[in-house]
Amino acid sequence: GAGVSQSPRYKVAKRGQDVALRCDPISGHVSLFWYQQALGQGPEFLTYFQNEAQLDKSGLPSDRFFAERPEGSVSTLKIQRTQQEDSAVYLCASSSTGGGRMNTEAFFGQGTRLTVV
Amino acid sequence: AQSVSQHNHHVILSEAASLELGCNYSYGGTVNLFWYVQYPGQHLQLLLKYFSGDPLVKGIKGFEAEFIKSKFSFNLRKPSVQWSDTAEYFCAGGGSNTGKLIFGQGTTLQVKP
């Protein structure tokens, strides 16, 4: 596709509900990243995939957060038993390089705004 | 610990004024530095990046930034801002061997016509 696509754009979840956020990276991009952006803050790293391998998940805030990229393309970020502090914009980014080399630009999607009520 | 900090959280300028947004980083090893911009309702877009070489980098829309290693700084500049530059600006750093970026808190720039 022309850019990184995320869906849904907006999600309202009741506390305790499970949610799944989807990211379609740019076709052929090896690296995929998830970030969490709280209101008034910069994005914070959650996790990183190189193809289907999750190489870094150090930013996932709890074991309620789970990400996958089973075929090395589309990725899903799942949040179980959502809590109010999970309310944020979740950003996905992709990059053409892999092997942990960040010498190229990361392209960002528009994000999914999650509101937990 | 790795960190990126932006000094100005909210900047208001009149059109044609000069802009400088501060960014400082704390990073062990080789660091790549970026400035991203987010226009209202749009996704993050890359303004410019520094990996190595000439410390003065030029980006899109007349923006430039200077990497000063001794000051751990990567300030963003533009000689004359336009109303259309109203946006949120993020400085970010990443290691050359790691995929993740560390972002600053962001600076909201409001340009008055």
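What you see as residue numbers is a count from 1 along each chain, following the sequence as written. Chains carry letters and ligands carry numbers; both start at the beginning, A for chains and 1 for ligands, and go up in the order they are written. Reporting in this predicted model follows two pLDDT cut-offs: at least 70 for local features of residues, and 80 or more for side-chain atom pairs to be given and counted; totals over whole chains, interfaces and linings ignore these cut-offs and use all residues. Only hydrogens and water are set aside; all other atoms, that is, all heavy atoms of the structure, feed into the side-chain values.

**Student:** Quick question: what am I supposed to make of the sheet that holds strand 8 (residues 75–79) of chain A here?
**Tutor:** Residue and element names in this part refer to chain A. Each pair of strands is called paired provided DSSP finds at least two bridges between the two strands. Numbering of helices and strands runs from the N terminus; a helix is a DSSP stretch of H or I covering at least four residues, while a strand is a stretch of E covering at least two. In spatial order, the strands read 1-3-8-7; together these 4 strands make up an open sheet with antiparallel pairing. One side of each edge strand has no neighbouring strand; the edge strands of this open sheet are strand 1 (5–7) and strand 7 (65–68). Strand-to-strand twist across the sheet, computed as the mean angle between neighbouring axes with direction ignored, equals 15°. Where strand 7 lies against strand 8, 4 bridges are found, and the strand directions are antiparallel. Considered in strand 8, the bridge of Ala67 is made with Leu77. Axis definition: a line fit to C-alpha positions, over the contact stretch in the case of helices; interaxial angles, taken between N-to-C directions, run 0 to 180 degrees.

**Student:** Please explain the state of the cysteines as it appears in this structure.
**Tutor:** Put plainly, a disulfide is one covalent bond tying together the sulfur atoms of two cysteines. Note on terminology: pairs of cysteine sulfur atoms within 2.5 Å are recorded as disulfides. On inspection of all chains with the given rule, the structure shows 2 disulfides over all chains. Note on cysteine connectivity: A:Cys23 is disulfide-linked to A:Cys92, with sulfurs 1.9 Å apart. Here the disulfide of A:Cys23 and A:Cys92 is left-handed, its torsion about the S-S bond being about -70°. Of the two residues, A:Cys23 sits in strand 3 (residues 19–24) while A:Cys92 sits in strand 9 (residues 88–95), which places them 69 residues apart along the sequence. Burial status follows relative accessibility: with a 1.4 Å probe on protein chains alone, a residue under 20% of its type maximum counts as buried, one over 50% as exposed, and anything between as partly exposed. Looking at A:Cys23, the relative accessible area reads 0%, which means it is buried. Here B:Cys23 pairs with B:Cys91 through a disulfide, and the sulfurs are 1.9 Å apart. The sign of the S-S torsion, about -65°, decides the handedness of the disulfide formed by B:Cys23 and B:Cys91: left-handed. Note that B:Cys23 is positioned in strand 4 (residues 23–26) and B:Cys91 in strand 10 (residues 87–95), a separation of 68 residues in sequence. Relative accessible area serves as the criterion here: at 0%, B:Cys91 is assigned to the buried category.

**Student:** Hey, could you run me through the nonpolar core in this one?
**Tutor:** Soluble globular proteins: nonpolar side chains tend toward being buried together. Only buried Ala, Val, Leu, Ile, Met, Phe, Trp, Tyr and Cys residues count toward a nonpolar core, and they belong to the same one when joined by side-chain atoms within 4.5 Å. Ranked by internal contacts, the top residues of the largest apolar core, which has 29 residues, are B:Trp35, B:Leu47, B:Leu48, B:Phe74, B:Leu76 and B:Tyr89. Among the elements that line this core, the one with the most residues is strand 5 (residues 31–38) of chain B, at 4 residues. Note on contacts: a residue pair is in contact if any heavy atoms of the two residues lie within 4.5 Å. Excluding anything up to four places from it in sequence, B:Leu47 contacts B:Trp35, B:Tyr36, B:Val37, B:Gly59, B:Ile60, B:Phe63, B:Leu76 and B:Tyr89. Core analysis: the second largest hydrophobic core is formed by 20 residues, A:Cys23, A:Trp34, A:Ala67 and A:Cys92 among them.

**Student:** Honestly, the environment of A:Gln37 in this entry has me stumped. Any pointers?
**Tutor:** Within the fold, A:Gln37 resides in strand 4 (residues 31–37). On the basis of relative accessible area, A:Gln37 is assigned to the buried category, the value being 10%. Placed 74 residues apart in sequence, A:Gln37 and A:Gly111 show a C-alpha to C-alpha distance of 9.2 Å. Among residues more than four places away in sequence, those in contact with A:Gln37 are A:Gly42, A:Pro43, A:Ala88, A:Val89, A:Leu91, B:Gln38 and B:Phe90. A 3.5 Å cut-off defines polar contacts: any pair of N or O atoms within that distance qualifies, except that in protein one atom must be a possible hydrogen donor and the other a possible acceptor, and neighbouring residues in sequence count only when both atoms are side-chain atoms. Side-chain polar atoms of A:Gln37 contact the backbone oxygen of A:Gln41, separated by 3.0 Å.

In short, the description is geometric, and any link to function would need to be established separately.
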